[in-house]
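One letter stands for each residue in the lines below.
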Amino acid sequence: MVQRHQKNKMASEQPLKKKLRRGNSSNSADETDFIHITENGVANDLSAFHLFPANVNEDDITLNAVNLEFHGSKSVFRTSELSESDEKCIEDKTEDDRKDYPTSSCYSNAHITSCENISLQAAPNMVICTNFGKKNEQETEDLNKQQMMVDPEGEETETFHSYLVKQCLCGIPDRVLRKPFEGHQIIDENGSRLAMLSEWSTQQVLQFLSNVQLLFDVYLKQNNNGHICSQIVNICNIFVHNEHNLVEQILSLCETRDKYVNYLAAKVFSSFLIIAKTYINNEWLETIVSFLTIENTDYVKMNFALEIIKRVVEWKNVDIHVLEEPQSADVAGSSTQNVDININCVTVPYSDAESYDTSGIKGLIIKSLESKWPELINKVQYLITHNSSVEAQTCVLTFLALWESTISVKANLSVIDTKPFYAHLENFVGMLNSNLPPIIWKQLLSLFNEVLCYGSTLALQDMLPEDTCQLAHLIVRYVKDFRLLDSLPYRRSEGYTVNSFVGTIPSTQPTQSNIDKTLLQKMILLVLKSVAITIKETRSDSSDSSVGSEDYDFSHDMQLIARSIRDVLKKVDVFVKVSLEFHPETPFSKILIHLFSDQDDYMIEAMVCTLDIKTGISYQTPLAPDFIAMLNPVHSFIEFLKIVSHDAEILLDYLVSNETCFLLYLLRFLKYTRRNWDVFVSSCYEGGASRTNELDNTMTVLIRLKIQIDRLVSKNLFPYNINPVLRLLEICENLYEGNEYS
Amino acid sequence: MFAIIQIDNDVSGREFRRKMRPKYEFICKYCQRKFTKSYNLMIHERTHKSPELTFSCEVCGRGFKRQDNLKQHRCNQCIWR
Ligand SMILES: [Zn+2]
Ligand SMILES: [Zn+2]
């Protein structure tokens, strides 16, 4: 059994969003976002469990993750991808600790590009520098009480922690190694015995959980690097073999009503599952999923279970093994430069692909979830309509985020395993009405947008899954016939604020913005995807039927569809113009680009949709001139180039990264341009834009892009086969220069 | 349309049916979704992957996903850049 576990191998722990930061952040010590502590002696006592030395680099997410997450941090990289922290925000914001959200610049990472923001919230017993006051004194008192209970074993915990920060437990005395896991002696009526975790003080439990989380983080990070410190392997085995019944004890912590303990316990438990993989006791999973459907709903337990499942599902394997990665990877760089690494560390190699694989545990947890799914769906539907308490709504939001993660392409789950989760979606479309809180609207729209994974998947497939198409039809119908757009609560009403991370939430504080732009963006993108899918489905149905006699029906169908699509897009056009106060004459292509200007992934996916709608609908179907003008892909591209300042390097970045579907967009746009060169040229001159020559401007960018791609390709640096794009760029260049091409 | 749905539901018969319907030659190794063109599959599979580090600092060797990140980056050795 030990053998089996020894073979286990996993990728680094960073969920995708954090992973992104590795590449983004630069590498200097001044980026650490450590917490500032007042000088009342608190710092010493707390440093052991969540303060890292100043020289631990910010980049080194593994180390800071505990720190950040412990403080309920909202590590947000895109306003659209907030699912993880949404529910915590609501929960926190409605309490009177709102003031604890620091605005001072010392908490933000000033260094990084636009897409990063971190805000920290004070944890219990933590005092942030902006937060002097009465709360402070009381917390010091609490702390003194706790200190009296901390026995001398606390020292071992501290030593343990200091070794962990150096990412090696070699040389640590065995007594110290095991002590933090054996617990504290307590004396009760039965004499002296070891206390259960649940009997520890809050501070001790938090300290313990933080250390365990850090242990797991180090394990997973080293696992990703191919070698794990042998002592770290040993201590993780203690967990996996469930010595001291630690697993059950951590699970039992969901009984505590301390939200920090709950939060951390869920995080630790999900990391545990990822390390243990399928070497687990099935009862643990059963216990977790049983929390989802307790008859007298226990919201704390329900949310605890949802969080654990969500974290496991969202776990992102690093698919390039570090041994195959160029030496340049910053993984090693950041830690070696700033933290003393024990060069005498005895490591165990972990490099076989099988041990990397989390699909086993993901599959197990999805199966467990599936068994409760119909019951859970009913419960959540009931909660949405009948229970507006913060606890219930928090569960609803976590549930919806979990649902979204489960069906997300990025979860890397098999489409066969996730098929059951595509049922019931339609019930939730019916719930989109003006009585639904904006924050649940937002989460539902995110979910539907994830189901209609157009740019990443559906646009590339010939046959679309039926359940996905049904959702798209329903959305189109609701927009056309049931005024779905008009019920979108994008305007802030009295007593609400539009938080740029979370969306519209209750608040007494006034904000500048009166509209929730994220809601608008999600809604419009959803409609565009639904339309594109509807058209694509109609076309592929027809191309599949080789019988000639059906051709008439197809063309008739297409005309009907074209008419309703035109109707829907006109509604979208008017709706966006009214909500963003555009002049009624503004071209549709322009308003779309501006609606999505701060959200590049949406913008580019919207561009793919309109391009596909245009090419799909005009196929065999004569269109009204105003409709053709509305969907002109060249106008959209010209507007898009303005947004990126005609900078070819930005386009190259989009191509190289996989954060947007720009590769697909560019490929299709260039194909369209090649096929419709005359339209391209004339569109560049029309639109009444200005007297500037958009043809030259556009072609200059494309030719520069071609040169840049060429350069990377010649150095063998382009991460995938870009030749189809390169060839199309050459063809377009030749057309531009009036040359013949073959 | 109908035949495709059957394939989705029937895992065991997949091997056999794939031969019958050579249309779906390209299957995503992450999620088992089916594609008819290999380049489309490649585009799709990129979604499953972690971002590649394509741009690297010539001084310290650190890799970045984006050129602008590389330009903004400052490391001990290349602070003078
Ligand atoms: Zn070691
Ligand atoms: Zn896939």
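Conventions we followed
- Residues numbered from 1 in each chain as written.
- Chains lettered and ligands numbered in written order.
- Predicted model: local features only at pLDDT ≥ 70, side-chain atom pairs only at ≥ 80, totals over all residues.
- Heavy atoms only, no water.
- UniProt positions renumbered as here; feature names shortened; annotations may be inferred.
- Helix = DSSP H or I, 4+ residues; strand = E, 2+ residues; numbered from the N terminus.
- Buried < 20%, exposed > 50% of the residue type's maximum accessible area, 1.4 Å probe, protein only.
- Contact = heavy atoms within 4.5 Å.
- Areas by Shrake-Rupley, 256 points an atom, 1.4 Å probe, with all protein chains shown as cover.
- Patch = residues over 30% accessible without salt bridge, like charges linked within 9 Å, V, L, I, M, F, W, Y side chains within 5 Å.
- Salt bridge = Lys/Arg side-chain N within 4 Å of Asp/Glu carboxyl O.
- Lys, Arg positive; Asp, Glu negative; His and termini not counted.
- Charge placed at Lys NZ, Arg CZ, Asp CG, Glu CD.
- Axes fitted to C-alpha atoms, helices over the stretch in contact; angles between N-to-C directions.
- Parallel < 35°, antiparallel > 145°, perpendicular 65-115°, else oblique.
- Left-handed = near helix turned anticlockwise from the far one by under 90°.
- Nonpolar A, V, L, I, M, F, W, Y, C, P; charged D, E, K, R; others polar.
- pLDDT = per-residue confidence, 0-100.
- Donors = N, O, S within 2.8 Å, 3.2 Å for Na, K, Ca; no water.
- Tetrahedral: all angles 85-135°; square planar, octahedral: opposite > 155°, others 65-115°.
- Core = buried A, V, L, I, M, F, W, Y, C linked by side-chain atoms within 4.5 Å.
- Domains from an automatic or database assignment.

- Identification of chain B as C2H2-type domain-containing protein from Zophobas morio is taken from an unreviewed UniProt entry.
- Per its UniProt entry, chain B bears the Subcellular location (unreviewed entry) comment "Nucleus".

- As recorded in an unreviewed UniProt entry, chain A goes by the name Protein lines, listed as coming from Zophobas morio.

### A closer look at the overall build of chain B
- Counting secondary structure elements, chain B contains four helices and four strands.
- Ordered by position from N to C terminus, the α and β elements of chain B give α-α-β-β-α-β-β-α.
- Here chain B holds 81 residues, and the buried ones make up 48% of them.
- Pairs at least 24 residues apart make up 2% of the contacts formed inside chain B by residues separated by at least 6 positions.
- Counting only carbon and sulfur atoms, one obtains 54% of the accessible surface of chain B, whose full area is about 4,300 Å².

### Overview of a positive patch on the surface
- Together, A:Lys671, A:Arg674, A:Arg675 and B:Lys37 line one region of the surface with positive charge.
- Structurally, B:Lys37 can be placed in the loop between strand 2 (34-35) and helix 3 (38-48).

### Let's talk about the packing of helix 25 (residues 600-617) of chain A against helix 27 (residues 633-643) of chain A
Residue and element names in this part refer to chain A.
- Orientation of helix 25 relative to helix 27, taken along the N-to-C sense of each, is 165°, at an axis distance of 10 Å. It follows from the interaxial angle that helix 25 and helix 27 lie roughly antiparallel. Both helix 25 and helix 27 take part in a crossing whose hand is left-handed. Seen from helix 25, the contacting residues are Met603, Ile604, Met607, Leu611 and Lys614; seen from helix 27, they are Pro633, Phe640 and Ile643.
- Residues that form the contact of helix 25 with helix 27 fall into these classes: seven nonpolar, no polar and one charged.

### A look at the confidence of the model for chain B
- Per-residue pLDDT for chain B averages 65, and the proportion of residues at 70 or more is 32%.
- Reported for the predicted complex are a pTM of 0.74 and an ipTM of 0.73.

### Quick notes on the coordination of the zinc ion (ligand 2)
Residues and elements named next belong to chain B.
- For the zinc ion (ligand 2), every protein donor is listed as Cys28 (SG), Cys31 (SG), His44 (NE2) and His48 (NE2), and the spread of their distances is 2.0 to 2.2 Å.
- Around the zinc ion (ligand 2), the four donor atoms are arranged such that angles at the metal cover 100 to 114°; this shape is classified as tetrahedral.
- Every donor residue of the zinc ion (ligand 2) comes from the same chain, spaced as C-x2-C-x12-H-x3-H. Residue cysteine 28 is located in the loop between strand 1 (26-27) and strand 2, and its partner histidine 44 is located in helix 3; the two are separated by 16 residues in the primary sequence. Across this residue pair, the class does not change: cysteine 28 and histidine 44 are buried.

### Some remarks on the nonpolar core
Residues and elements named next belong to chain A.
- Ranked by size, the top nonpolar core spans 217 residues in total, and within it Phe272, Phe448 and Phe640 carry the most contacts.
- Each of domain 1 (61-195) and domain 2 (552-737) gives at least three residues to this core.
- Excluding anything up to four places from it in sequence, phenylalanine 448 contacts Leu425, Phe428, Val429, Leu432, Leu471, Ile475 and Leu526.

### Digging into the coordination of the zinc ion (ligand 1)
All names here are of chain A.
- Every protein donor of the zinc ion (ligand 1) is listed here as Cys168 (SG), Cys170 (SG), Cys229 (SG) and Cys345 (SG), and their distances to the metal cover 2.3 to 2.4 Å.
- Spacing between the donor residues of the zinc ion (ligand 1) along their common chain follows C-x1-C-x58-C-x115-C.
- The buried category is assigned to cysteine 168, whose relative accessible area is 4%.
- Taking relative accessible area as the criterion, cysteine 170 reaches 12% and is therefore assigned buried.

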